[in-house]
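# Coordinates in review
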Amino acid sequence: MAGVAIPAGGASLPGTLEIPSSARGVVLFAHGSGSSRLSPRNVWVAERLRGEGFGTLLFDLLTDHEERDRANVFDVALLASRLVAATRWLWASPEGRDAAVGYFGASTGAAAALLAAADLGEPVRAVVSRGGRPDLAGDRLGDVVSPTLLIVGGRDGVVVDLNRDAQARLTAPCELAIVQGATHLFEEPGALEEVAALAAGWFGWHLPDRALRTGSSG
């Protein structure tokens with residue numbers, strides 16, 4: 001495990017980068033509003049992805065000072081710019097120079113992941129949304145070329161419909177996976193396990209099966 005500080009537009013964003021030996025790529029996590037790099041659900045999914053051979057980068061999208069302004073928490077364009085900055089930082093680092101990158105976004109973080117993927121294009125190999133709000137990416141959905149998996153709880157009400165609408169607007173390869181019986185936070189027994197399995201399968205299919213040159217980061 002390596003604690004890192006990611007420079008982004010004058011801010012320094014704390015994060016945790018973990019890249020197992022012979023990693024198949026690195027998944028960057030974009031948490032939802034009111035959460036952080038310490039989100040227990042994202043931390044849990046990241047651990048499972050590392051068990052499947054993927055590196056992970058969890059980091060705060062905002063500084064403590066920025067979070068005090070609630071408008072920043074829902075500024076999807078700002079959050080996306082931080083994810084782009086973190087991706088470029090990773091690609092410039094010794095650990096991640098050869099990394100195939102995927103995004104895992106939750107809630108509003110899913111919209112940020114899609115906006116970032118639209119900005120960076122093909123180098124972002126895949127996007128997974130967990131209980132996301134892809135509709136908040138607006139017209140930029142049509143600019144996304146990264147294969148996208150939308151995972152939604154079957155009992156998540158309106159969010160299911162919002163994801164179905166987003167799927168219809170995405171021109172990139174896209175699948176909608178509904179976890180039956182799950183609500184927005186996937187707190188039901190077995191629900192988060194299913195999310196992790198779906199994500200690992202998606203990244204395993206779309207990120208190249210090749211090792212990073214540098215191996216483990218810590």
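I will try to describe carefully the structure that is included in this document. (Residues numbered from 1 in each chain as written. Predicted model: local features only at pLDDT ≥ 70, side-chain atom pairs only at ≥ 80, totals over all residues. Heavy atoms only, no water.)

### Re helix α4 (residues 76-92)
Here is the rule we go by: Counting from the N terminus, the helices are the DSSP runs of H or I reaching at least four residues and the strands are the DSSP runs of E reaching at least two. Every helix has an expected span of 1.5 Å times one less than the residues it contains. Here's how the labels work: a residue is buried when its accessible area is under 20% of the maximum for its type, exposed when over 50%, partly exposed in between, all with a 1.4 Å probe on protein chains only.
Spanning 17 residues, α4 covers 24 Å between terminal C-alpha atoms, matching the ideal 24 Å at 1.5 Å per step. Judged by how many residues are buried, α4 sits mostly within the fold: twelve of 17 residues are covered. Every buried residue of α4 is accounted for by Val76, Leu78, Leu79, Ala80, Arg82, Leu83, Val84, Ala85, Ala86, Thr87, Trp89 and Leu90.

### Observations regarding the sheet that holds strand β3 (residues 26-30)
Using the following cut-off: Strands are treated as partners if at least two bridges between them are detected by DSSP. Orientation is described by axes fitted as lines to C-alpha atoms, over the contacting stretch for helices, and by angles from 0 to 180 degrees between their N-to-C directions. Note on definitions: a residue-residue contact is assigned when non-hydrogen atoms from the two residues lie within 4.5 Å.
Strand order in the open sheet formed by eight strands is β1-β2-β4-β3-β5-β6-β7-β8, with mixed pairing between adjacent strands. What marks the edges here is a single partner per strand, and that holds for β1 (2-8) and β8 (174-179). The mean inter-strand angle of the sheet, taken between neighbouring strand axes irrespective of direction, is 20 degrees. Relative to β8, strand β7 (residues 148-153) is paired through six bridges, and the arrangement is parallel. Of the residues in β8, the one forming a bridge with Leu150 is Leu176. Running at roughly 120 degrees to β1, α4 makes contact with β1, β2 (11-18), β3, β4 (55-59) and β5 (101-106) of the sheet.

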